[in-house]
Amino acid sequence: MSQQNRTHRTLLERERELRAVDGALTELCGTEPADRDEIRGGGVIAFEGPGGVGKTALLGEARRRAVARGCTVLRARGGEHEQGAAFHVVRQLFQPVLAATGEDEHRRILGGWYDIVAPAVGLVVSGSGGAPDPQGVRDGLDWLVTRFTVEHAPVVMILDDVHWADPESLDWLTRFASRTADLPLLLAVGSAPRT
C-alpha cells in the first residue's frame, strides 16, 4: 500500500479539521499566486486530543498543503525524554534552515541578538558556560522569527506533541503566539490534553 493511501485512510472523517487547515492557509496565502505579494496576517490552529486520534496525520497533511501553496515550513516535535533540554523544540525549528548557511548569515539574521540566541538554538556553544537570560532569549527569538518570517513569507510553523515540549520553548511559544496575527505566519499545533 502506498504512503498516500495510508495518509488518506488516516484522515477519514477529518473533513472539518481539513477545512479549517485550508481556511487558515487561504487566510495566510490568499487564493491566487498574485496574493503572495499582499501583506497578510497569520494565526494559530490547534488540534487537541488523546494519543492515537490522528493529530500527527493532520499536521502532516497541513504541511503537505502548505508546501503545495509555496509556504516555507518549519517543523518540530516535543519529546517525552527531551523535556529537560532547554529550547530543544526551538532548536528543531531553526537548526535545519540555519544549517544551510554560515556564521556570516547567522550574524546577519540575528543581528544584535547573535550572542544570546545563537547558543540557545545550538549554533554555538555558550561562551559563559552559564544559563542564558530567559527573557533575553525570548526577545531574541521573537526577532529571529519575525525577521525569518518577513524574509521567507508565508511561513507555516508546525509543532507536534506540544504537551511534551521543554518548558523554555513552550514559554516562548505561548508568549509569541499572539503575534502571528500581525505576521504572515501560521502556527499549527498538536497537543494531548494535560492530565
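Before reading further, recall that the structure is shown in the block above.
Keep in mind that this is a model prediction, so the values were computed, not measured. (Residues numbered from 1 in each chain as written. Predicted model: local features only at pLDDT ≥ 70, side-chain atom pairs only at ≥ 80, totals over all residues. Heavy atoms only, no water.)

S.K.: Where do I start with the pattern of salt bridges in this structure?
M.R.: It is possible for side chains bearing opposite charge to pair when their charged atoms get close. With the rule as written, the count across this model stands at 12 salt bridges. We note a salt bridge from arginine 65 to glutamate 61, for which the minimum N-O separation is 2.7 Å. Placement of both arginine 65 and glutamate 61 in helix α3 (residues 55–68) is noted, with a separation of four residues, approximately one turn of the helix. For the pair arginine 65 and glutamate 61, a shared accessibility class is recorded, and that class is buried. (Salt bridge = Lys/Arg side-chain N within 4 Å of Asp/Glu carboxyl O. Helix = DSSP H or I, 4+ residues; strand = E, 2+ residues; numbered from the N terminus. Buried < 20%, exposed > 50% of the residue type's maximum accessible area, 1.4 Å probe, protein only.)

S.K.: Sorry, what's going on with the packing of aromatic side chains here?
M.R.: We describe a pair of aromatic rings using the distance from one ring centre to the other and the angle between the two ring planes. For the coordinates displayed, the defined rule picks out two aromatic pairs. Look at phenylalanine 94 and phenylalanine 148: their rings are 6.4 Å apart centre to centre, the planes differ by 80 degrees, and that puts the pair in the edge-to-face class. Placement of phenylalanine 94 in helix α4 (residues 88–98) and of phenylalanine 148 in helix α7 (residues 134–152) is noted, with a sequence separation of 54 residues between them. Classification of phenylalanine 94 by relative accessible area gives buried; the value is 1%. A relative accessible area of 7% places phenylalanine 148 in the buried class. Geometrically, the ring pair formed by tryptophan 172 and phenylalanine 176 is stacked, given 5.2 Å between the ring centres and 25 degrees between the ring planes. Here tryptophan 172 and its partner phenylalanine 176 are both found in helix α8 (residues 167–176), four residues apart, which amounts to about one turn of the helix. (Phe/Tyr/Trp six-rings, centres within 6.5 Å; stacked < 30°, edge-to-face > 60°.)

S.K.: How should the nonpolar core be read in this particular structure?
M.R.: One broad trend across soluble globular proteins is that nonpolar side chains are buried collectively. Formed by 34 residues in total, the largest nonpolar core has its most connected members in Phe94, Leu141, Leu144, Met157, Leu159 and Trp172. Of all the elements in the fold, those that place two or more residues in this core are β2 (72–77), α4, α5 (103–110), α6 (114–120), α7, β3 (155–160), α8 and β4 (185–191). Leaving out residues up to four positions away in the same chain, leucine 141 has contacts with Phe87, Val90, Val117, Val121 and Trp172. Core analysis: the next-biggest nonpolar cluster, separate from the first, contains 17 residues, Leu25, Leu28, Phe47 and Leu186 among them. (Core = buried A, V, L, I, M, F, W, Y, C linked by side-chain atoms within 4.5 Å. Contact = heavy atoms within 4.5 Å.)

S.K.: What exactly am I supposed to notice about the side chain of arginine 138 here?
M.R.: Structurally, the position occupied by arginine 138 is in helix α7. A polar side-chain atom of arginine 138 sits 2.7 Å from a polar atom in the side chain of glutamine 135. Aside from chain neighbours lying at most four places away, what touches arginine 138 is Asp171, Trp172 and Arg175. (Polar contact = N/O pair within 3.5 Å; in protein donor to acceptor, adjacent residues only side chain to side chain.)

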